[in-house]
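Each chain, letter by letter, is given below.
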Amino acid sequence: MPLLKLSAKLDRTDNSTPWGFRLVGGHDFGTPLTIQRVAPGSLAARVGIQAGDTIARIGSTQADSLRHKEAQQRIVDAGNSLELTLERGGGGPPAAVQQVESASHAEPSYAAPQHTSFNAPKPYGGELASAPPPPPRQAEPQVPWARSAVNAPPSYSPVPAFKVSSAPAPAAGGVWRPQIPTGPRKMRVGKAGEARTLTASEGARIPICNQCGTTIRGPFVSALDKTWCPDHFICANPNCRVPLINCGFVEEEGQLFCEKDYEQFFAPRCGNCGRAIVGEVVNALKNTFHMGCFLCCKCHQPIGTGSFHNEDGSIYCPKDWAVLFQTKCYGCQFPIEPGDRWVEALNENWHSECFNCSTCQVNLEGQSFFVKSGKPYCKRHATAGRF
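On a predicted model such as this, the values are computed, not experimentally measured, just so you know.

Description of the pairing of strand β6 (residues 81-88)
Of the pairings in the sheet, the one linking strand β1 (residues 4-11) to β6 comprises eight bridges and is antiparallel in character. Note that in β6 the partner of L10 across the bridge is L82. In terms of strand pairing, strand β4 (residues 54-58) meets β6 through four bridges, oriented antiparallel. The partner of T54 across the bridge, within β6, is E87.

Quick look at the structure:
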């Protein structure tokens, strides 16, 4: 396979969001800096970074002379915009650098949140065995990382198919009961005066009525990027039938309603305040919410279209969840993710590959070590007095 050089640019809006890849190797280990693992659905996965890719440059710095911790620090110093030059494959002449599409944190995809529990501290100088990864927590069925979105399918399940038929006739008692969609809600709201009456000669194409499906040769109504016969641009409530040309209206699943009837008979109810939702709606947790009612339980700020964590039934924004529940490695300050090898020492938590002698960087996992000024040292440098 010929050697490919790839350029990848990753962007995020908050440094609490991990890049989603793990490094091994470095100049101090005598091996190239290599991508060991890429978290599915992460920013790194979205730009095409793969396990086994070799890092040639971090920003403008050549990676072949960087020690492991120096490479990690270069990544931390990059802040929220990281550029990597990667090499993939080998055995042939180098190919031209290929640009990998930039990933943004605007719509990230994450794994479901999980707790990490640690063993009790071990005595200094004792042997450390790597602890087994924490067992996965039982999570609600969902696509990677539950997301709330305006007018988007909720994250707990695939979008169910549904079809709303035309408004039924009133029941025997005279009370109209419309068919309510059972899936995610998606409505479009038109204000009074937004609908316009035009003639077919004024349009660039022959209009087709959204209600009856026939072509319109005379005057027609244009609203919400659709067209109607004037007689069909009316409220779907058979007890109302008010023309909508001069009043506010709502369209959902092909049906039109005046604002009053939509709010009374058809609008979804907010899972927080219980009031009708007319306009932007958040579909999440098998429920619907006003944009301003779907809040982080810690900072009480609206989550809106952003990502969130469901932790034991409580909703958290990513920033507060990271502060409260996410464990970071004391050595590299990167998160310790489910499945990572880690050790607990010096009252801190470390990735296994980050728990090294502070002088020679030899790995101390499972080895005796000595402590000076809160830093670990191997036996050779401790007995030599080179602290």
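There is more to say, and it comes next.
Describing helix α4 (residues 318-325)
Buried within α4 we find D320, W321 and A322. Contacts made by the buried residues of α4 are with β17 (309-311) and β18 (314-316).

Digging into the environment of E348
Following the sequence through the fold, E348 ends up in strand β20 (residues 348-351). For the pair E348 and K328, spaced 20 residues apart in sequence, the C-alpha to C-alpha distance is 9.3 Å. Those residues in contact with E348 that lie beyond four places of it in its chain are Y330 and V343.

Observations concerning the sheet that holds strand β12 (residues 226-228)
Taking strand neighbours across the sheet as the criterion, the three strands line up as β10-β11-β12 in an open arrangement whose pairing is antiparallel. The open sheet has two free edges, formed respectively by β10 (196-199) and β12, since each of these has just one partner strand. Adjacent strand axes in the sheet meet at a mean angle of 40°, parallel and antiparallel pairs treated alike. Taken together, the four bridges between β10 and strand β11 (residues 219-223) define a ladder with antiparallel strand orientation. Paired with R196 across the bridge in β11 is S222.

Things to note about helix α3 (residues 259-266)
Within α3, the full set of buried residues consists of D261, Y262 and F266. Here the buried residues of α3 occupy an arc of 100° about the axis, which is enough to place them on one side. Tucked inside the fold, the buried residues of α3 contact β13 (249-252) and β14 (255-258).

Thoughts on the environment of N210
Looking at the element boundaries, N210 is found in the loop between β10 and β11. Among all residues touching N210, those that are not within four sequence positions of it are K226, T227, W228 and G254.

Details of the sheet that holds β13
One open sheet holds the three strands; their spatial order is β9-β13-β14, and the pairing between them is antiparallel. Where the open sheet ends on each side, the last strands, each with one partner, are β9 (188-190) and β14. Adjacent strand axes in the sheet meet at a mean angle of 25° when their direction is disregarded. Bridging between β9 and β13 involves three bridges; their strand directions are antiparallel. By the bridge assignment, R188 is partnered in β13 with E251. Contacts between α3 and the sheet are confined to β9, β13 and β14, with β14 contributing the most and set at about 105° to the helix.

Thoughts on the packing of aromatic side chains
Summed over all chains, the structure comprises eight aromatic pairs. Relative to F369, the ring of F355 has its centre 5.1 Å away and its plane inclined at 90°; by these criteria the two rings are edge-to-face. With F355 in the loop between β20 and β21 (370-372) and F369 in the loop between β20 and β21, this pair connects stretches of sequence that are 14 residues apart. Residue F355 is classed as buried on the basis of its relative accessible area of 0%. Residue F369 is classed as buried on the basis of its relative accessible area of 3%. One aromatic cluster is present, built from ring pairs that chain together Y330, W350, F355 and F369.

Some details on the confidence of the model for the protein
Residues of the protein with pLDDT of at least 70 account for 74%, and the chain-wide mean is 75. Predicted confidence in the protein is weakest over strand β8 (residues 149-150), with a mean pLDDT of 40, and strongest over β4, with 92. For residues 92-132, every residue scores under 50 in pLDDT, and the model assigns this stretch 119 contacts once sequence neighbours within four places are set aside. Below a pLDDT of 50 lies the segment residues 139-173, which in the model reaches 87 contacts outside its immediate sequence neighbourhood of four places, other chains included.

Notes on the side chain of N356
Residue position: N356 is located in the loop between β20 and β21. Residue classification places N356 among the buried residues on the basis of a relative accessible area of 7%. When neighbours within four sequence positions are excluded, N356 is seen to be in contact with Q361, V362, N363, L364 and P376.

What counts and how
Residues numbered from 1 in each chain as written. Predicted model: local features only at pLDDT ≥ 70, side-chain atom pairs only at ≥ 80, totals over all residues. Heavy atoms only, no water. Pairing = 2+ DSSP bridges. Helix = DSSP H or I, 4+ residues; strand = E, 2+ residues; numbered from the N terminus. Buried < 20%, exposed > 50% of the residue type's maximum accessible area, 1.4 Å probe, protein only. Contact = heavy atoms within 4.5 Å. Axes fitted to C-alpha atoms, helices over the stretch in contact; angles between N-to-C directions. Arc of directions from axis to C-beta. Phe/Tyr/Trp six-rings, centres within 6.5 Å; stacked < 30°, edge-to-face > 60°. pLDDT = per-residue confidence, 0-100.

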